[in-house]
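So the chains spell out like this:
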Amino acid sequence: MKRTVILVLCLFWFLPRVGEAQTKSAKSEKFFNDSEFFRELAYLRIGEILINSQFYADVPDQEKLVHAALKGMVSALHDPYSNFLTAKEFWYYNHIFFTDTVGLIGIEIETADSCLIITNVQDKSSADEARLEVGYKIYSIDGAKTKGMLKGEAITALAGPLNSLVSLEVLKTRNHKKQKLSLRRSFWRIEKDEFKCQIFEDSIFVLSLPNFEQRNIDTIESFVYDVMNYFPKARFVFDFRNNGGGPVISADRFISLWLPRGETIYFELGRDSEKIVKVETRKFFAPLRDRQEVFLVNKGTASASEMVIGALKDYDLAVTVGEETFGKNLIQTCFLMPDSSRITLTTNRWLTPNRISVKGVGLKLDFKILPLNDQTKNPQDVQLFKALEVARNLKR
């Protein structure tokens, strides 16, 4: 049964006049002069009035209605990297990895083409025991389809009470077959430790960087300076496999190991703008200047790590070994709301200094080496062996 509400019709007639009156009274504020601005605010207000006055059952409090409206607006963008989190959700999302009552399965994920893709599998986790691999696509979690699911929603769905079971349906990369699995959530946490170093013959240092968090950049920066002071002919292999990136500002600091202040790192493209981002870090000298080094990459290499390697490749300073990278050329910005909720939006795209986009295709490989499909406990790392060979042959 439908009823005509005169209030709505009256408000629609009155809205343009509200905008006109505002235009006359505040000509200096162009943004607030726009009658469309007030029209859209009024739409929300009308909806709130109708819900509070006409809905047959109990109505959630105003904060929940506002949060639902914000979630709906962000969802309408159809962008897997944009999201809205209430203050409580944000706290949970950031503390889920530090709570001893919450179980996880030991994977890191990203979204691409409305699919969830595994970008890292932690050693000795339940996901590792189930032989999940980087690049596998997750089609469902506990029966719920993941198509269009946001990353935060997926992480929350994968988490659960300690020792509980979670059902997954995954698509294998190698044979493109779907498989249903049941994994036990355990007390596993993402490793936040600093990079790892291995030293091989001919003074080759293999540095594994798990992410671009500031503490890792601090440590690797000082480490490279020390190595170059004591071993000026040292060679480096930077293992960026499963490095999902981190703060964009960290890319500046890492690239400054090669490039002096003022060199272009990337082009930043907004909706209607373009900005050239240059090295800003103040250094007396770049310890790896004019030196080619080797980078190990795979499908889990994404975002800021692709930005770094992409820039160095354009300057002919990076040689890549491994598999195609993830292919993410987007930058997100987090906005804090008055009630401590947060809206994260994709605000920019980026291109390499030669204006190359990695979107959907990843970085260009110099040596494509697939990992061995070895089911033994200690499979040979053929990608690392190739990287060491390439490093030995680089000119010094």
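Residues numbered from 1 in each chain as written. Predicted model: local features only at pLDDT ≥ 70, side-chain atom pairs only at ≥ 80, totals over all residues. Heavy atoms only, no water.

**Student:** For this particular structure, what's the right way to read the overall build of the chain?
**Tutor:** Summing up its helical and strand segments, the chain has eleven helices and 19 strands in all. Long-range contacts, defined here as pairs at least 24 residues apart, represent 66% of the contacts in the chain between residues at least 6 apart. Of the roughly 22500 Å² that the chain leaves accessible, carbon and sulfur atoms contribute 54%. (Helix = DSSP H or I, 4+ residues; strand = E, 2+ residues; numbered from the N terminus. Contact = heavy atoms within 4.5 Å. Areas by Shrake-Rupley, 256 points an atom, 1.4 Å probe, with all protein chains shown as cover.)

**Student:** Help me out: how do you make sense of the packing of aromatic side chains in this one?
**Tutor:** The description of an aromatic ring pair uses the distance of the two centres, along with the angle that the planes make with each other. Taken as a whole, this structure holds 14 aromatic pairs when the rule is applied. Between Phe 212 and Phe 254, the aromatic rings sit 5.7 Å apart at their centres with planes inclined by 70°, giving edge-to-face as the arrangement. Highlighted residues: Phe 212 in the loop between strand 11 (204-208) and helix 8 (214-230) and Phe 254 in helix 9 (residues 248-255), separated in sequence by 42 residues. Seen from their ring centres, Phe 238 and Phe 254 are 5.6 Å apart, and the 80° between their planes marks the pair as edge-to-face. Taken together, the residues span a long stretch of sequence, with Phe 238 in strand 12 (residues 235-239) and Phe 254 in helix 9 at a distance of 16 residues. For Phe 238, a relative accessible area of 0% puts it in the buried group. Pairwise contacts between aromatic rings join Phe 205, Phe 212, Phe 223, Phe 231, Phe 236, Phe 238, Phe 240, Phe 254, Trp 258 and Phe 295 into one cluster. The aromatic ring of Tyr 139 is capped on one face by Lys 178, whose charged end is 4.3 Å from the ring centroid. Positioned above the aromatic ring of Tyr 81 is the side chain of Lys 328, whose terminal nitrogen or guanidinium carbon lies 4.3 Å from the ring centre. (Phe/Tyr/Trp six-rings, centres within 6.5 Å; stacked < 30°, edge-to-face > 60°. Buried < 20%, exposed > 50% of the residue type's maximum accessible area, 1.4 Å probe, protein only. Lys NZ or Arg CZ within 6 Å of the ring centre and 35° of its normal.)

**Student:** Would you explain the side chain of Arg 185 in this entry?
**Tutor:** Relative to the helices and strands, Arg 185 is located in the loop between strand 9 (178-184) and strand 10 (196-200). Residue classification places Arg 185 among the buried residues on the basis of a relative accessible area of 5%.

**Student:** Would you take a moment to explain a nonpolar patch on the surface for this structure?
**Tutor:** Where nonpolar side chains cluster on the molecular surface, the patch consists of Ile 51, Phe 55 and Tyr 56 and spans about 380 Å² of accessible area. Take Tyr 56: it is sitting in the loop between helix 3 (35-54) and helix 4 (62-75). (Patch = residues over 30% accessible without salt bridge, like charges linked within 9 Å, V, L, I, M, F, W, Y side chains within 5 Å. Salt bridge = Lys/Arg side-chain N within 4 Å of Asp/Glu carboxyl O.)

**Student:** Any chance you could explain the sheet that holds strand 16 (residues 318-322) here in plain terms?
**Tutor:** The strands that make up a sheet pair up through hydrogen bonds in the backbone, lying either parallel or antiparallel. Spatially, the six strands line up as an open sheet ordered 10-11-12-15-16-19, and their pairing is mixed. Each end of this open sheet is capped by a strand with a single partner; those strands are strand 10 and strand 19 (367-368). Note: strand 16 against strand 19, two bridges, orientation parallel. Its bridge partner being in strand 19, Gly 322 is matched across the sheet by Lys 368. Contacts from helix 10 (residues 304-314) reach strand 15 (293-297) and strand 16 within the one sheet, and its direction differs from that of strand 16 by about 130°. (Pairing = 2+ DSSP bridges. Axes fitted to C-alpha atoms, helices over the stretch in contact; angles between N-to-C directions.)

**Student:** Help me understand the pattern of salt bridges, please; the structure alone is not making it clear to me.
**Tutor:** Proximity of charged atoms lets side chains of opposite charge pair with each other. Enumeration according to the criterion identifies 14 salt bridges in this entry. Of the charged contacts in the structure, one is a salt bridge between Glu 48 and Arg 45, with a shortest N-O distance of 3.0 Å. Pair noted here: Glu 48 and Arg 45 are both in helix 3, with a separation of three residues, about one helical turn. Among the residues examined, Glu 48 registers a relative accessible area of 18% and is labelled buried. The exposure class assigned to Arg 45 is partly exposed, which follows from its relative accessible area of 46%. For Arg 355, the salt bridge identified is with Glu 274, shortest N-O distance 3.0 Å. Of the two residues, Arg 355 is situated in the loop between strand 18 (342-351) and strand 19 and Glu 274 in strand 14 (residues 274-278); the sequence distance between them amounts to 81 residues. Three or more residues joined by partner-sharing salt bridges are found here, namely Asp 218, Glu 221 and Arg 253.

**Student:** Looking at this structure, how should I read the nonpolar core?
**Tutor:** As a rule of thumb, soluble globular proteins bury nonpolar side chains together. Ranked by internal contacts, the top residues of the largest apolar core, which has 40 residues, are Phe 236, Phe 238, Phe 240, Phe 254, Trp 258 and Phe 295. Beyond its immediate chain neighbours, meaning those up to four positions away, Trp 258 contacts Phe 238, Ala 286, Leu 288, Arg 289, Arg 291, Glu 293, Phe 295, Leu 312 and Leu 317. (Core = buried A, V, L, I, M, F, W, Y, C linked by side-chain atoms within 4.5 Å.)

**Student:** Can you help me understand helix 9 in this one?
**Tutor:** Two residues of an α-helix separated by three or four positions point the same way, owing to the 3.6 residues in each turn. Those residues of helix 9 not exposed but buried are Ser 250, Ala 251, Asp 252, Phe 254 and Ile 255. In this fold, the buried residues of helix 9 make contact with helix 8, strand 12, strand 13 (264-269), strand 14, strand 15 and helix 10.

**Student:** Sorry if this is basic, but what is going on with the environment of Arg 184 here?
**Tutor:** Looking at the secondary structure, you find Arg 184 in strand 9. Distance in space between the C-alpha atoms of Arg 184 and Gly 103 is 8.2 Å, their sequence separation being 81 residues. In this structure Arg 184 touches Leu 104, Ile 105, Ser 126, Asn 163, Ser 164 and Leu 165, once residues within four positions along its chain are discounted. One polar contact links the side chain of Arg 184 to the main-chain carbonyl oxygen of Asn 163, over a distance of 2.5 Å. (Polar contact = N/O pair within 3.5 Å; in protein donor to acceptor, adjacent residues only side chain to side chain.)

**Student:** Quick question: what am I supposed to make of the pairing of strand 3 (residues 107-112) here?
**Tutor:** As a general feature of sheets, a regular strand has side chains that alternate between the two faces. In terms of burial, strand 3 is largely enclosed, as five of its six residues are buried. Summarising the sheet, strand 3 and strand 4 (residues 115-121) pair through six bridges and their orientation is antiparallel. By the bridge assignment for strand 4, Thr 111 is matched with Leu 116. The antiparallel pairing of strand 3 with strand 4 creates a hairpin that spans two residues between the two strands, and Asp 113 there sits at a positive phi of about 55°.

**Student:** What am I meant to see in the packing of helix 8 against helix 9 here?
**Tutor:** Where helix 8 contacts helix 9, the two axes come as close as 10 Å, and the packing angle between them is 5°. Between helix 8 and helix 9, the angle falls in the class roughly parallel. Contacts between helix 8 and helix 9 involve Gln 214, Ile 217, Asp 218, Ile 220 and Glu 221 on the former and, on the latter, Ser 250, Arg 253 and Phe 254. Its residues assigned to classes, the contact of helix 8 with helix 9 comprises three nonpolar, two polar and three charged. (Parallel < 35°, antiparallel > 145°, perpendicular 65-115°, else oblique. Nonpolar A, V, L, I, M, F, W, Y, C, P; charged D, E, K, R; others polar.)

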